[in-house]
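# Analysis of the macromolecular model
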Amino acid sequence: MIAIVDYGVGNVASVANACKQLGYETILTDKKEEFEQATHIILPGVGSFRAAMEEIEQRNLRGLLLELAAQKPFIGICVGMQLLFEKGFEHGETEGLGLIPGTVDKIETTHLLPHIGWNSLEVSSSFPTYTEHDGKHVYFVHSYQANTPEEYIIASTEYGTQIPAIVQKGTICGIQFHPEKSEKVGQLLLQSVFESSQQAFSKEESI
Amino acid sequence: MIAKRIIPCLDVKDGTVVKGTNFVSLRELGDPVAMAAAYSKSGADEIVFLDISATHEGRATMMDIVRQTALHVFVPFTVGGGVRSLDDMTTMLQAGADKVAINSAAVAEPELITKGAEKFGSQCIVVAIDAKRFDDGWHVVTHGGRKDTGIDAIEWAKEAEARGAGEILLTSMDADGVKTGYDLSLTKAIVEEVRIPVIASGGCGSPEHITEVFQKTNVSAALAASIFHDKTFSIEEVKQSCHQEGVRIREA
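None of these values were measured; they are calculated from a predicted model.

## Here's the deal with the overall build of chain A
Of regular secondary structure, chain A possesses six helices and 14 strands. Radius of gyration (C-alpha) of chain A: 16 Å, near the 17 Å computed for a compact globule of 207 residues. Every one of the 207 residues in chain A was classed for burial, and the buried ones make up 51%.

Okay, structure coming up:
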């Protein structure tokens, strides 16, 4: 079962349904007992970095999320992915969860913003399990991007600048685009992310 | 590189798609959700629902359609037509729509764009502009083109952007329904004046019209209704034609 973090950030029906299509049960929750039953945690997110982080702080979820991130594969999607980093600069400087080194800054490009639409993935050669997704189009909607060391970037996309699209640090994964809105390709990618975070987790456990 | 988007538009009245009477196979499936799902599977990059119900019940049905679409369609979708207030936006976005399109309500109350963008983020707010050519340029028109607001369409597009619109859905009322191609001069005029994505609409009668609007303007997306509903052309055919002409599209 996959637990989706409930912190009042709008509709997560599509995320839940994409998981269901892959054969996973989901639960939307903010309760520790329920998270403990889950194999993976998904941190969704829409709106701004600051607004999303404020919801987390107000609900006293920061501590619990950090605890969970140390215990299970932990996947952030869209703004949820951005929250994994140390700081965000949307509507002022805000502290993130700090699970992956880096900051979230306004996209610097000569192209139109927001970055809306289907853009193609460039998969890093250091992540061979993702090779099948190279060149595939996925749906992005955002104006801010992660700036993080290359070693954490599984795939990026070109938009007048390189934008990290999938990031991973051990069992922590982040997806900047919307896999739940990226048709079949999105579901297959979600599956890859579930697997690679799980593998990283099993590896850590065996050490 | 980002792909140009191809967007079928479904006009929904009281729970039924009203254009596209020749789209027999899907009409028999019965509903907008099935049509949206079929389009999404065949490569549509997004879906737009335009609610043209005039009744309260009709709008309530739309909410249900949105909820079902969120469960069965795995591409982004926009709802427009009946969105007149911040409450309407909340209802549709909570039901699962990715974006809302506001048209005459925004003309009547431009502050609605600002409030919507502040509350939900610019990426959720599409400002739909119906424009018509007059002697002194293009005016924003409402009521299906019958009412001239006197507002300059280019200035209105710029104001929509400044107020936080994430995209502009631009319909040429001169080209709409004529099927002789998009209004290239209007599209170009707007695209060159704003720094947010513009979706061209009105006038599409063949795949060539779609490749043409992408080649001759910097528009981000093209919307069409009848060519898809009438089964004159499929999404695949349109994408193939774009691909052959060197327009970057997403291969489904």
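## Overview of helix α11 (residues 235–244) of chain B
Residues and elements named next belong to chain B. The complete set of buried residues in α11 reads I235, V238, K239 and C242. Angularly, the buried residues of α11 cover 95 degrees about the axis, an arc narrow enough to put them on a single face. Among the structural elements, β1 (5–13), α2 (32–41), α9 (207–216) and α10 (226–229) are those in contact with the buried residues of α11. One or two steps after α11, the chain reaches G246, where phi turns positive at roughly 85 degrees.

## Some points on the interface of chain A and chain B
On the side of chain B, 25 residues touch chain A, which itself brings 25 residues to the contact. Looking at the side of chain A that touches chain B, the elements that each hand over two or more residues are α1 (13–21), β8 (115–120), β10 (137–142) and α6 (183–206) of chain A. Considered class by class, the residues forming the side of chain A that touches chain B number 10 nonpolar, 11 polar and four charged.

## Quick notes on the sheet that holds strand β2 (residues 26–29) of chain A
Residues and elements named next belong to chain A. Strand order in the open sheet made by the eight strands is β2-β1-β3-β4-β14-β13-β12-β9, with mixed pairing throughout. Looking at which strands have only one partner, the edges of the open sheet turn out to be β2 and β9 (122–123). Contacting β3 (40–43), β4 (74–77), β13 (162–169) and β14 (172–175), α6 crosses the sheet at an angle of about 160 degrees to β14.

## Looking at the sheet that holds strand β5 (residues 87–88) of chain A
All names here are of chain A. Spatial strand order, β6-β5-β7-β11: four strands in an open sheet with mixed pairing. Every interior strand has two partners, whereas the edge strands, β6 (94–95) and β11 (144–147), have only one. The sheet contact formed by β5 and β6 spans two bridges and is antiparallel. Looking at the pairing, K87 lines up with E95 of β6.

## A word on the UniProt feature "active site" (unreviewed entry) in chain B
Residues and elements named next belong to chain B. In the numbering adopted here, UniProt assigns the feature "active site" (unreviewed entry) to D11 and D130. With respect to the helices and strands, D11 occurs in strand β1. Residue placement: D130 occurs in strand β6 (residues 125–134). D130 sits in the buried class, given 25 other C-beta atoms within 10 Å. Not counting residues up to four positions away in its chain, the partners in contact with D130 are N103, V140, V141, T142, G145, T171 and M173.

## Regarding unusual backbone geometry
Here L113 of chain A and P114 of chain A are connected by a cis peptide whose omega angle stands at 0 degrees. Looking at where P114 of chain A falls in the secondary structure, it is placed in the loop between β7 (103–106) and β8. Not every positive phi belongs to a glycine, and D14 of chain B is a case in point at roughly 45 degrees. Looking at the secondary structure, you find D14 of chain B in the loop between β1 and β2 (16–17). Judged by C-beta crowding, with 16 C-beta atoms within 10 Å, D14 of chain B ranks as partly exposed.

## Let's talk about the UniProt feature "active site" (unreviewed entry) in chain A
All names here are of chain A. Per the UniProt record, the feature "active site" (unreviewed entry) sits at C78, H178 and E180. Separation in sequence by 103 residues is not matched in space for these annotated residues, since their most distant C-alpha atoms are only 10.7 Å apart. Within the secondary structure, H178 is located in the loop between β14 and α6. For H178, a count of 24 C-beta atoms within 10 Å corresponds to the buried category. Setting aside its immediate chain neighbours within four residues, H178 contacts C78, Y139, V141 and G186.

Reading the values: rules and limits
- Residues numbered from 1 in each chain as written.
- Chains lettered and ligands numbered in written order.
- Predicted model: local features only at pLDDT ≥ 70, side-chain atom pairs only at ≥ 80, totals over all residues.
- Helix = DSSP H or I, 4+ residues; strand = E, 2+ residues; numbered from the N terminus.
- Rg over C-alpha atoms; globule rule 2.2 N^0.38 Å.
- Buried ≥ 20, exposed ≤ 12 C-beta atoms within 10 Å, placed from the backbone.
- Arc of directions from axis to C-beta.
- Contact = placed C-beta atoms within 7 Å.
- Nonpolar A, V, L, I, M, F, W, Y, C, P; charged D, E, K, R; others polar.
- Pairing = 2+ DSSP bridges.
- Axes fitted to C-alpha atoms, helices over the stretch in contact; angles between N-to-C directions.
- UniProt positions renumbered as here; feature names shortened; annotations may be inferred.

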